[in-house]
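Okay, here's what each chain looks like letter by letter:
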Amino acid sequence: MSQETPADSDNPGQDQPHRTVPLARGLSTKLLFLTIAFVLLAEVLIFLPSIASYRMSWLQERLGTAAAVSIVLVQGDPASLSRAAQNDVLMAIGAKAIAVRDGGVSRLLVVADMPPQVDEHIDVANTSMAEEVMGALDTLAFGGERMLRVFGPVGDSHMEFELIMPDRDLRSAMLTYSRNVAFLSLLISLFTATLVYAAIDRIMIRPMRTMTRSMLAFSQAPEDPGRVIQPADRSDEIGVAERELFQMQERLQKMLAERKHLADLGLAVSKINHDMRNMLATAQLISDRLRMAKDPTVQAFAPKLLRALDRAVSYSEGVLAYGRTQEPPPSRRKLRLRQLVDEVHDVLDVDNDFEFVNAVEPGFEIDADSDQLFRVLTNLGRNAVQAMAADAESAIVRRLTISAERTGSVCRILVTDTGPGLPPKARENLFAAFRGSTRSGGTGLGLAIAQELVRAHGGTLELAESVGGNTSFAVTIPDQPVRLDQARSGLRRLG
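Small disclaimer: the values here were computed from a predicted structure and weren't measured.

A. Representation of the sheet that holds strand E14 (residues 470-478) within the structure. Taking strand neighbours across the sheet as the criterion, the five strands line up as E9-E11-E12-E14-E13 in an open arrangement whose pairing is mixed. The open sheet has two edge strands, strand E9 (355-358) and strand E13 (460-467), and neither has a second partner. Within the sheet, the average angular offset between the axes of one strand and its neighbour, ignoring direction, is 15 degrees. Across the sheet, helix H8 (residues 337-347) lies against E9, strand E11 (399-407) and strand E12 (410-417), angled at about 165 degrees from E9, the strand it touches most. Strand contacts of helix H9 (residues 370-389): E11, E12, E13 and E14, with the helix running at about 20 degrees to E12, the strand carrying the most contacts.

B. The packing of aromatic side chains, seen in detail. The full count for this structure, using the stated rule, is one aromatic pair. A cation over an aromatic ring shows up here: Arg62 above the ring of Trp58, its NZ or CZ 4.0 Å from the ring centre.

C. Inspection of the sheet that holds strand E5 (residues 120-123) at higher detail. Taken together, five strands build an open sheet; the order of strands is E4-E3-E7-E6-E5 and the sheet is mixed. Bordering the open sheet on either side are strand E4 (105-111) and E5, each of which pairs with just one other strand. Direction aside, neighbouring strands of the sheet carry axes that sit 20 degrees apart on average. The sheet contact formed by strand E3 (residues 97-102) and E4 spans six bridges and is antiparallel. Its bridge partner being in E4, Ala97 is matched across the sheet by Val111.

D. Quick look at H9. In this model, H9 (20 residues) spans 28 Å end to end at C-alpha, consistent with the 28 Å of a helix rising 1.5 Å per residue. Where H9 begins, the capping side chain belongs to Asp369, and its oxygen is found 3.0 Å from the backbone nitrogen of Asp371.

E. Spatial organisation of the packing of helix H4 (residues 129-142) against helix H5 (residues 168-220). Between H4 and H5, whose axes approach to 9 Å, the crossing angle comes to 100 degrees. The orientation of H4 with respect to H5, classified from their angle, is roughly perpendicular. For the pair formed by H4 and H5, the contact residues are Ala136, Thr139, Leu140 and Ala141 on the first element and Leu170, Arg171, Met174, Leu175 and Ser178 on the second. Looking at side-chain class alone, the contact of H4 with H5 contains six nonpolar, two polar and one charged residues.

F. How the structure looks around a nonpolar patch on the surface. Judged by side-chain polarity, Phe183, Leu184, Leu187 and Ile188 come together as a nonpolar surface patch covering roughly 380 Å² of accessible area. One can find Leu184 in helix H5.

G. How the structure looks around the side chain of Ser185. If you trace the backbone, Ser185 turns up in helix H5. Beyond its immediate sequence surroundings of up to four residues, Ser185 is in contact with Leu40 and Glu43.

Conventions we followed
Residues numbered from 1 in each chain as written. Predicted model: local features only at pLDDT ≥ 70, side-chain atom pairs only at ≥ 80, totals over all residues. Heavy atoms only, no water. Pairing = 2+ DSSP bridges. Helix = DSSP H or I, 4+ residues; strand = E, 2+ residues; numbered from the N terminus. Axes fitted to C-alpha atoms, helices over the stretch in contact; angles between N-to-C directions. Contact = heavy atoms within 4.5 Å. Phe/Tyr/Trp six-rings, centres within 6.5 Å; stacked < 30°, edge-to-face > 60°. Lys NZ or Arg CZ within 6 Å of the ring centre and 35° of its normal. Expected span 1.5 Å × (residues − 1). Polar contact = N/O pair within 3.5 Å; in protein donor to acceptor, adjacent residues only side chain to side chain. Parallel < 35°, antiparallel > 145°, perpendicular 65-115°, else oblique. Nonpolar A, V, L, I, M, F, W, Y, C, P; charged D, E, K, R; others polar. Patch = residues over 30% accessible without salt bridge, like charges linked within 9 Å, V, L, I, M, F, W, Y side chains within 5 Å. Areas by Shrake-Rupley, 256 points an atom, 1.4 Å probe, with all protein chains shown as cover. Salt bridge = Lys/Arg side-chain N within 4 Å of Asp/Glu carboxyl O.

In structure tokens form, the structure reads like this:
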């Protein structure tokens, strides 16, 4: 018999031993047997002092009976008892002889067949618990043919009584007591185990089994929302585990949907890319012919058109490369940042309602890959323009400013706009593809690609400020570290 899982029901013809748990190896069965074993162990620990106490009580009871007979005989004449009467008294007690010690004088009151030797002396008044336990175990294991001398005071009497008796009846009584205790312990163990099993099975095992089945079912079809666990309204550890599993499954579903979206995007771009490259190649040939035109206006715009076509090709390849995580490493050179910002201005869709401010100093230089830094600034600028274009009121100032500053070997570029600022949802997933978009229908790839390119330069891209009327992104790029061998070779050439 086994516990069926949803995976088994979906694939009844397949043998999946790793997805089923036989009842004999289930947590419920282990819990039941462990509970029985632990309760029996506790009963054993209780049994040892219990059987020792029973043994001493049995001996004290016999010694008390012998003391009552001894007091009667001491006050009367023990010699007046006939042999038959003495045997009857000793038989009733189960003893061989009765003696009393008073004032240092010992008197043998009643005696039958006096044994040749005594095997064990037991002082009922001065025996420790450890000695009682060891004596009880010794009687159970090896008793039955021994002769005992039991002595000690009884009650408030100043006399000390002695009893010579075999341990056969004592051992028989102890065995009967042990059997009864063992039977009662087994009943208590079964009853306790059943209650503990029922309680823990309801509180823990069933919810754990539900979580296990949910995980197995979810693994078969993680995109199916119906296989996400529905957590119970519990405040204990099981409730926390169910809620965490629920959140994990939801996050995993979203992640899988995003991965599928990204895979579909990469497939679509790969299909488009081939035809687009052919069309752009044709446009490049036509642009090359435009260079030969004598018109000054054409001569001025032809290089920009060629660069725009080259970058259009790189854009389509860049989206595909992002989906395949194959962004090439940057080819860094010294750049004049102001000229690169002017090129960004040329490709942005900025009309007369927008103001573009190139606040970079004319001689400002930066150590970076020209194409990749162009893509970073273009993505940031295009996002700013789209954010400002969302404001329908004509009186609002729409200004995009790009500035830069240098601190030592680190350059910091600020892209600032006067748009409405980023909403809280966009800030939470600012650089996450497909989740960081601030407008409906956006993919959020622009910031994700920009951050990846800046990180490839060893720099950072962060949101410096975002309030109504002032949103600023900071691009921080350090210069390339100078290698020691290159510096030495340069010094040699100078020398």
